[in-house]
Amino acid sequence: MADMKVSAEALLILVSLAEGPKHGYAIQQDIEGVSGRRLGPGSLYGAIARLVSAGYIESLADEGPRRPYRLTAPGSRALAAELDALKKVTATGKRRLATR
Amino acid sequence: MRASRLLALYPQNWRRRYGEEIAYMLREKRLSVSLVVDLVRGASDAHLHPELAGPLLAAAGGGTIQVPLGGGSMTKLRRLHAVLGLLCLAFVALIVVANTVLHTAPGGLGYFKRGDVAAMLGLATVLAVVLFWASAGDTDRHRAIGSIASGTMAGLLLGTVSIPVLAVPLSVIGCFRLPDSRAARAALLLLVPLGAVVGVALPNLGRSLIAP
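Draft legend 1. Molecular detail of the interface of chain B and chain A. With 20 residues of chain B at the interface, the matching set in chain A holds 22 residues. Linking chain B with chain A are 9 residue pairs in polar contact (both at pLDDT 80 or more), by the criterion used here. Of all elements in the fold, only helix 1 (12-25) and helix 2 (33-48) of chain B reach the threshold of two or more residues within the side of chain B that touches chain A. Taken together, the residues of the side of chain B that touches chain A break down into 10 nonpolar, 2 polar and 8 charged.

What follows is the structure in structure tokens.
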């Protein structure tokens, strides 16, 4: 397991799995519903592979086309840290926009 | 064409680990430009980072014993050799196009002569094969031969004044950036100029032997 910088795709996957275990297709649908962004299978599984490799998510079954993934404890911590950082960026951006 | 056929672009260990899941997502998909771009980009990423899908495994005997190959990850040097091998193939294509479409068009380039073409085509093809072979292994022999081939390719590009812009970054990357150890960097500093001399000499030799 290694610390990794979370990409936008990875962040969306972590947010999706924060609700509970999902397989790839369900993650794709959820992300589209939440963000309006449709991740293609190439981008989705590239990000999933990185998150599995970093130990942020894990698969619940060994094989099968609908293999579910779930958030791990390090993944939850990483997601919380990313959301905190985003919150700070968002607040700063809004404050600066308001003073223009 | 079914979109799932594009899964063939992925390396074997990726297909084994994620192929079924990706195929499930593609099961009723119509092929579109955005889907092709997404899968080609994903496959390129998978080839550059095969370790993300777990170790490279090859079935042996009755398929019950699995043997890790190359430690399951591709080193930076092996990756460089694979990229240079692709560049060699692109170079072959450039030579062919320059001597067919462009050469015969009115006002075409007309740069290459017959001897140059034969020598460069042959050398670039051999280099591509050698570099792909070097990228497939992680032994000292693979690294050394791959480094000589990289230097030869840099020399070939240096000797071809039409695209010298590629030679400088390749030499700099090959000498300083990619190898991890000081010894490997020092070896490359010697091997790349040696290969460059060979690369510049061979086209001239080919020209003198083949051209009338």
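Text resumes after the structure shown.
Draft legend 2. Looking closely at the packing of aromatic side chains. With the rule as written, the count across this model stands at 4 aromatic pairs over all chains. A ring pair is formed by A:Tyr45 and B:Tyr18, whose centres lie 5.6 Å apart and whose planes are at 50°; its orientation type is tilted. Here the residue A:Tyr45 occupies a position in helix 3 (residues 41-54), and B:Tyr18 occupies one in helix 1, the pair thus bridging two chains. Residue A:Tyr45 is classed as buried on the basis of its relative accessible area of 1%. Centroid distance B:Trp14 to B:Tyr18: 5.5 Å. Interplanar angle 50°. Geometry classified as tilted. One end of the pair is B:Trp14 and the other is B:Tyr18, both in helix 1 and 4 residues apart, which spans about a single turn. Neither residue differs from the other here; B:Trp14 and B:Tyr18 are each classed as buried. Cluster of aromatic residues (ring-pair linked, three or more members): A:Tyr45, B:Tyr10, B:Trp14 and B:Tyr18.

Rules behind the numbers
- Residues numbered from 1 in each chain as written.
- Chains lettered and ligands numbered in written order.
- Predicted model: local features only at pLDDT ≥ 70, side-chain atom pairs only at ≥ 80, totals over all residues.
- Heavy atoms only, no water.
- Contact = heavy atoms within 4.5 Å.
- Polar contact = N/O pair within 3.5 Å; in protein donor to acceptor, adjacent residues only side chain to side chain.
- Helix = DSSP H or I, 4+ residues; strand = E, 2+ residues; numbered from the N terminus.
- Nonpolar A, V, L, I, M, F, W, Y, C, P; charged D, E, K, R; others polar.
- Phe/Tyr/Trp six-rings, centres within 6.5 Å; stacked < 30°, edge-to-face > 60°.
- Buried < 20%, exposed > 50% of the residue type's maximum accessible area, 1.4 Å probe, protein only.

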